[in-house]
Amino acid sequence: MGAKRKGGASMQKIIAYPLSVVYYLLFGFTLVVFHVIQWLCFNLFGYNAHKKSVDVLCFFLVANTYVLGTRYRIKNLDKLPVGAPLIIAANHQSLYDITTIGWFMRKVHPKFISKVELGKGIPSISYNLNHGGSVLINRKDAKQSLSAIKEMSQYIEKYKRATVIFPEGTRSKTGKPKPFAENGLKILCKYAPSAYIVPVTINNSWKMTKWGSFPLGIGNKLEFIIQDPILVKNRPFTELFEETEQAVIKDIN
């Protein structure tokens, strides 16, 4: 039985090589085309047009993964509050977490707290991070990171939009959750006092890169579970933090 499973996994990996080549061709083409589209939308028509171009970009980035046999299950989209700042706090398993949230939760204008390295040299992605309302943090500079997160919290408080934070800090390569860090979430709660924290549980995204970046995993079903929103106002942060972490990890497979 063990040999049979091993043989099936080996065959799956062989099939994954050509499918991954096709995927990366589509992925690269999408990024190059939408870099131009984003530039035109932002410079000629402003934020709203740029936001729509990013929505369509995320749609194609999600659709590209169908080549790999990827499927998506998004639970409880109706739980997302509207007309209020949101702090979407999720476990982190791969870059596919970001594109999935960007597309399926587009109605709340999700912005990302990303590492500074992503802010240059990557078509479409770098442009959006620099012009779409997200912030870039230097993990080697704690003062700059905390200042950028404060800027983000003030932005979502003012415009009633959403920011996405992965409190684990780094991706889990096996799906097993890592301990949450407090600092980023604490600043967001402090400077966006009317926000809701929206815990999100992500399952199986790590399987997309279980063999590394090439070949990619195939035939995976990614699951995103939106948990009950938590109002920040008048709640001690220690309670908010514990409740958020428990809500995220309770449904991790």
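Residues numbered from 1 in each chain as written. Predicted model: local features only at pLDDT ≥ 70, side-chain atom pairs only at ≥ 80, totals over all residues. Heavy atoms only, no water.

## With respect to the pattern of salt bridges
- Scanning the entire structure with this criterion turns up six salt bridges.
- The partner of Glu 239 in a salt bridge is Arg 235, and the shortest N-O contact between them spans 3.3 Å.
- On the accessibility criterion, Arg 235 (31% relative accessible area) is partly exposed. (Salt bridge = Lys/Arg side-chain N within 4 Å of Asp/Glu carboxyl O. Buried < 20%, exposed > 50% of the residue type's maximum accessible area, 1.4 Å probe, protein only.)

## So, unusual backbone geometry
- Each neighbour pair has its own omega, and for Phe 214 with Pro 215 the value is -5°, a cis peptide bond.
- Mapped onto the elements of the fold, Pro 215 is located in the loop between strand S6 (196-203) and strand S7 (221-226).
- For His 109, which is not a glycine, the phi torsion comes out positive at approximately 55°.
- Here His 109 lies in the loop between helix H3 (96-104) and strand S3 (110-115). (Helix = DSSP H or I, 4+ residues; strand = E, 2+ residues; numbered from the N terminus.)

## Structural notes on the packing of helix H2 (residues 47-64) against H3
- Running from N to C, H2 and H3 cross one another at 130°; their axes reach a closest spacing of 8 Å. When the interaxial angle is binned, H2 and H3 end up oblique. The chirality of how H2 crosses H3 is left-handed. Counted together, Asp 55, Cys 58, Phe 59, Leu 61 and Val 62 of H2 and Thr 99, Thr 100, Gly 102, Trp 103 and Phe 104 of H3 form the full contact between these two elements.
- Taken together, the residues of the contact of H2 with H3 break down into six nonpolar, three polar and one charged. (Axes fitted to C-alpha atoms, helices over the stretch in contact; angles between N-to-C directions. Parallel < 35°, antiparallel > 145°, perpendicular 65-115°, else oblique. Left-handed = near helix turned anticlockwise from the far one by under 90°. Contact = heavy atoms within 4.5 Å. Nonpolar A, V, L, I, M, F, W, Y, C, P; charged D, E, K, R; others polar.)

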